[in-house]
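Coordinate analysis (summary)
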Amino acid sequence: MTAPAQLGTTTVSDRAVRRIVERAAEEAVPGRTGPAARGSVAVRGPRADVRLTVDLGYPAPLADTVRRVQRHVTDRTRHLAGLDVTRAAVTVDTLTVRAVPVPTAPAERTDGTEQRPARGTLRRLRPHRPSGRLRSSRRVPVAVLLLAAALGCGATALDVVRVHLGHRPAAWRTAAVDWLSGHGPGDLSVVLGGAAAAVLGLWLVALAVLPGRRGLLAVATPDGYPDTAIDRSALATLVRGAAGGVAGVGPVRVRVRRRSVTVRAALAFGAPDAVRDDVTAATRSVLADCLLRRPLRPRVRIRPEPTWRPPEPALPEPRTAETPEALKNLENPETPEAAPSVRSGGGA
């Protein structure tokens, strides 16, 4: 079974560390009512260089507060991201007078009914619940589409400026209009161009509607934020290692789908039903440990290898040796208790 440290490499981006640092700084700032920290992070291997700009409430001990922010940011970054903060530079930008609302118990009216809190007081917010599927930002298609649109609009604007200011003929626009006027809907080039445009439109609609990131499976977190996912190949590696550790299992193939995990294992020795149950239990244990937001259904298929032989039936237990009391009863079969001993020892 492969060790967990050899399954892959974990890379934490600067943006993720920056969110952790800003949230940690806001946790350390007392009496805040909104975002109170803005930061920048540079990750270099297992270390991170942090720069923070905080907004503190007045009055507040600046030196003690800054040291508390640095210590809390360092601890939270090491705990959540696994990175050591080599430098945490904190800059106090502004001092703001903040009135911290104190939650009080709802007052009771004289008629016995509960009085609702006034408008503008503290409320209990609903927790963030992200969708079950992770959506892709589609950076490459969006960049290509924006580049094509920018080139087309830029070429058209440049030609218009050259025609109106430079008094030059619109050569390519005139040629395009002449070509379109001479080719009707039945022309082969027009049909091919329309088909290409339709395929491109359908592709863009599919990119906009489908969530993407089919290779990632969402992981359920206690508060539902931020979105966490596990790669399908990593999950397949974990299931393959767990199934391969079952006694009697040979080579294992695993395929992770959207709603199920298919495990195909070769049977080297043992009973097929017992091995199938053990592989299913190992797969269910791995899936439970991954805490997937959408549970997957395990499907286990056992295929006996050519060298596999059915297990031999259990041999009967050997008879116990004759004791001196049994031999004595065999010689003197007078008592009723000796009768069973005579029948059992008759073969001796």
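Analysis parameters
Residues numbered from 1 in each chain as written. Predicted model: local features only at pLDDT ≥ 70, side-chain atom pairs only at ≥ 80, totals over all residues. Heavy atoms only, no water. Helix = DSSP H or I, 4+ residues; strand = E, 2+ residues; numbered from the N terminus. Buried < 20%, exposed > 50% of the residue type's maximum accessible area, 1.4 Å probe, protein only. Contact = heavy atoms within 4.5 Å. Pairing = 2+ DSSP bridges. Axes fitted to C-alpha atoms, helices over the stretch in contact; angles between N-to-C directions. pLDDT = per-residue confidence, 0-100. Core = buried A, V, L, I, M, F, W, Y, C linked by side-chain atoms within 4.5 Å. Salt bridge = Lys/Arg side-chain N within 4 Å of Asp/Glu carboxyl O.

Right, let's get into the environment of R299. On the secondary structure map, R299 appears in strand β8 (residues 297–304). C-alpha of R299 to C-alpha of V263: the two residues are 36 residues apart in sequence and 6.0 Å apart in space.

Attention shifts here to the side chain of E22. Turning to its location among the elements, E22 is positioned in helix α1 (residues 14–28). Residue classification places E22 among the buried residues on the basis of a relative accessible area of 13%. Look past the residues within four positions of E22 in its chain and what remains in contact with it is A37, R38 and G39.

Time to look at the sheet that holds strand β7 (residues 260–267). Across the sheet, 3 strands lie side by side as β6-β7-β8; this open sheet has mixed pairing. At either margin of the open sheet sits one strand with a lone partner, and together these are β6 (249–256) and β8. The mean angle between the axes of side-by-side strands here comes to 15 degrees, regardless of whether they run parallel or antiparallel. Where β7 and β8 come together, 8 bridges link them in parallel fashion. Paired with A266 across the bridge in β8 is R303. Strands β6 and β7 of the sheet are contacted by helix α6 (residues 232–244), whose axis makes an angle of about 155 degrees with β6. Strands in contact with helix α7 (residues 272–290) are β6, β7 and β8; relative to β8, the strand with the most contacts, it is inclined by about 145 degrees.

Chain-level statistics for the chain give a pLDDT mean of 75 and a share of 71% at 70 or above. Predicted confidence for residues 99–107 stays below pLDDT 50, and this span has 7 contacts to residues more than four positions away or in other chains. For residues 337–348, every residue scores under 50 in pLDDT, and the model assigns this stretch 11 contacts once sequence neighbours within four places are set aside.

On to the nonpolar core, then. Grouped together as the largest cluster of nonpolar side chains are 28 residues, with contacts concentrated most on L235, V263, V279 and L292. Of all the secondary structure elements, the ones that give two or more residues to this core are β4 (216–219), α6, β6, β7, α7 and β8. For this core, the element with the most residues is α7, which contributes 6 residues. If we ignore the near neighbours within four places in the chain, the residues touching L292 are L217, A218, V219, A220, I230, L235 and L287. In this structure, I20, V21, V73 and V90 belong to the second largest nonpolar core, which totals 22 residues.

What follows concerns the pattern of salt bridges. Within the structure shown, the criterion is met by 6 salt bridges. Here D75 ties to R78 by a salt bridge, and the two come within 3.6 Å at their closest N and O atoms. Linking D75 with R78, this pair stays in helix α2 (residues 62–81), spanning 3 residues, or about one helical turn. D75 gets classed as partly exposed once you look at its relative accessible area, which sits at 42%. One salt bridge connects R78 with D84, and the closest N-O pair in it is separated by 3.4 Å.

Our focus in this paragraph is unusual backbone geometry. A positive phi angle, close to 55 degrees, is found at L291, a residue other than glycine. For L291, the position within the fold is in the loop between α7 and β8.

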